[in-house]
Amino acid sequence: DTLVGPGDDCAVVRVKGSPDDWLFTTDPVIERRHFLPSTPARLVGRKAIARAVSDIAAMGGTPLWILIDLVAPASTPLSRIRGLYDGMIAAARQWNLGILGGDTAEGDTLELHITGVGRIPRGSAVLRSTAKTGDLIYVTGSLGASYLPGNRHHLLFDPRLEAGRFLASRHWATAMMDLSDGLAADLPRLLDASKRGACLEAAAIPLSRAARKTTHPLHHALSDGEDFELLFAIAPKHKARFEAAWKKKFPKLPATRIGAILAQPQERHLLLPNGDLAP
């Protein structure tokens, strides 16, 4: 009954007789890795839920339920624990989720581990492993510097649920994932799963306002992570119809074409603005 196991944004399970396939994911947020001790507790709780919801969005699904495991040092103020739960409850209301329960444990570091469960119409989950040679590579939104001082995108991002469902329900996307670790780390995972290569156009990569303020904007867009945008592939024959449909459906959310899928897995290049190819 397991259609997709480890290696994608979610596991996909099929229950006999169900019109839907079921999506399962789990994600941690850990102090000093995903947030700082000074980060407001409500925002930490929100981020914990949003990360799991983003995984379900990357399959084209709808999130339904979550389970919460909390690990905290014994010295953690009760007010901070309450703040975490306030943030998680608000996020659950925002995305219409049921909190089913979970567990707590004492530990050396404050951590939240979220298990998310969602569903998608039978057979319509968009995987990482199904990109085809010649497909065009797109990203939503803009990339880079999401956690640099003064930017709280990594805490306040909205998972691209509606966009993911649109890409899956219309069968636009041939492959998809979310960008949690940065384009330079995440795209190779999609390529490895699909056994393909790619060429990206550096000048086409959409840079966030925060990234453009740095001395190396492209580096931040490629490497920072925590963007939680969608990375997806579209068959070239659908390019014009897809872009028109996208602009009509999402007039305020750009979907930018940044490259193309290549046949050979070892072909992985970045086309620089001067025309040179960088490996």
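Residues numbered from 1 in each chain as written. Predicted model: local features only at pLDDT ≥ 70, side-chain atom pairs only at ≥ 80, totals over all residues. Heavy atoms only, no water.

Asker: In this structure, what is going on with the overall build of the protein chain? I would like to understand it.
Answerer: When its secondary structure is counted, the protein chain shows 8 helices and 13 strands. Compactness check: the protein chain gives a C-alpha radius of gyration of 19 Å against a globular reference of 19 Å for 279 residues, within 12% of the reference. Taken along its principal axes, the extent of the C-alpha atoms in the protein chain is 55 × 55 × 35 Å. Intrachain contacts of the protein chain at a sequence separation of at least 6 include 82% that bridge at least 24 residues. When the accessible surface of the protein chain is split by element, carbon and sulfur atoms take 53% of a total near 13,300 Å². Between the centroid of the 34 positive side chains of the protein chain and the centroid of its 29 negative side chains there is a distance of 8 Å. (Helix = DSSP H or I, 4+ residues; strand = E, 2+ residues; numbered from the N terminus. Rg over C-alpha atoms; globule rule 2.2 N^0.38 Å. Contact = heavy atoms within 4.5 Å. Areas by Shrake-Rupley, 256 points an atom, 1.4 Å probe, with all protein chains shown as cover. Lys, Arg positive; Asp, Glu negative; His and termini not counted. Charge placed at Lys NZ, Arg CZ, Asp CG, Glu CD.)

Asker: I'm lost on the sheet that holds strand E8 (residues 173–178) in this one. Help?
Answerer: Hydrogen bonds between backbone groups are what pair the strands of a sheet, and the pairing can be parallel or antiparallel. The strand order across the open sheet built from 7 strands is E8-E10-E7-E11-E9-E12-E13, with neighbouring strands paired in mixed fashion. Here the strands that pair on one side only, and so sit at the sheet edges, are E8 and strand E13 (277–278). By the bridge criterion, 5 bridges tie strand E7 (residues 136–140) to strand E11 (residues 255–262) in an arrangement that is antiparallel. Bridge pairing in E11 places Thr140 opposite Ala255. Here helix H5 (residues 183–194) sits on the sheet in contact with E8, strand E9 (197–201), strand E10 (230–234), E11 and strand E12 (268–271), set at roughly 140° to E8. (Pairing = 2+ DSSP bridges. Axes fitted to C-alpha atoms, helices over the stretch in contact; angles between N-to-C directions.)

Asker: For this particular structure, what's the right way to read the packing of helix H4 (residues 161–169) against helix H8 (residues 239–249)?
Answerer: Helix packing for two helices is described by the angle between their axes and how far apart those axes are. Where H4 contacts H8, the two axes come as close as 12 Å, and the packing angle between them is 145°. Two packed elements cross with a definite hand, and for H4 against H8 that hand is right-handed. Of the residues in H8, those in contact with Glu162, Ala163, Phe166 and Leu167 of H4 are Phe242, Ala245, Trp246 and Lys249. Split by residue class, the contact of H4 with H8 holds 6 nonpolar, no polar and 2 charged. (Left-handed = near helix turned anticlockwise from the far one by under 90°. Nonpolar A, V, L, I, M, F, W, Y, C, P; charged D, E, K, R; others polar.)

Asker: I keep staring at the side chain of Thr214 and nothing clicks. Help me out?
Answerer: Along the chain, Thr214 turns up in the loop between helix H6 (209–212) and helix H7 (217–223). A polar contact of 2.6 Å, which involves the side chain of Thr214, links it to the backbone oxygen of Ala211. Among the polar contacts listed, one links the side chain of Thr214 to the backbone nitrogen of His216, at a separation of 3.5 Å. When neighbours within four sequence positions are excluded, Thr214 is seen to be in contact with Leu148 and His220. (Polar contact = N/O pair within 3.5 Å; in protein donor to acceptor, adjacent residues only side chain to side chain.)

Asker: Can you walk me through the pairing of strand E3 (residues 20–30) in this structure?
Answerer: Every regular strand shows the same layout, with side chains that alternate between the two sheet faces. Pairing geometry for strand E2 (residues 11–14) and E3, over 4 bridges, is antiparallel. Looking at E3, one finds that Arg14 is bridged to Asp21. As consecutive antiparallel partners, E2 and E3 are separated by 5 residues, and within that stretch Gly17 has a phi angle of approximately 85°, a positive value. Where E3 lies against strand E6 (residues 111–121), 11 bridges are found, and the strand directions are antiparallel. Bridge pairing in E6 links Val29 to Leu112.

Asker: Can you walk me through the packing of helix H1 (residues 41–57) against helix H2 (residues 78–94) in this structure?
Answerer: Put simply, H1 and H2 touch, their axes get as near as 7 Å, and they point 45° apart. Here H1 lies oblique to H2, going by the angle between them. The chirality of how H1 crosses H2 is right-handed. Of H2, the residues touching H1 (which contributes Ala41, Arg42, Val44, Gly45, Arg46 and Ile49) are Arg80, Gly83, Leu84, Asp86, Gly87, Met88, Ala90, Ala91 and Gln94. In terms of residue class, the contact of H1 with H2 is made up of 7 nonpolar, 4 polar and 4 charged. (Parallel < 35°, antiparallel > 145°, perpendicular 65-115°, else oblique.)

Functional significance is not addressed by these values, which are geometric in nature.
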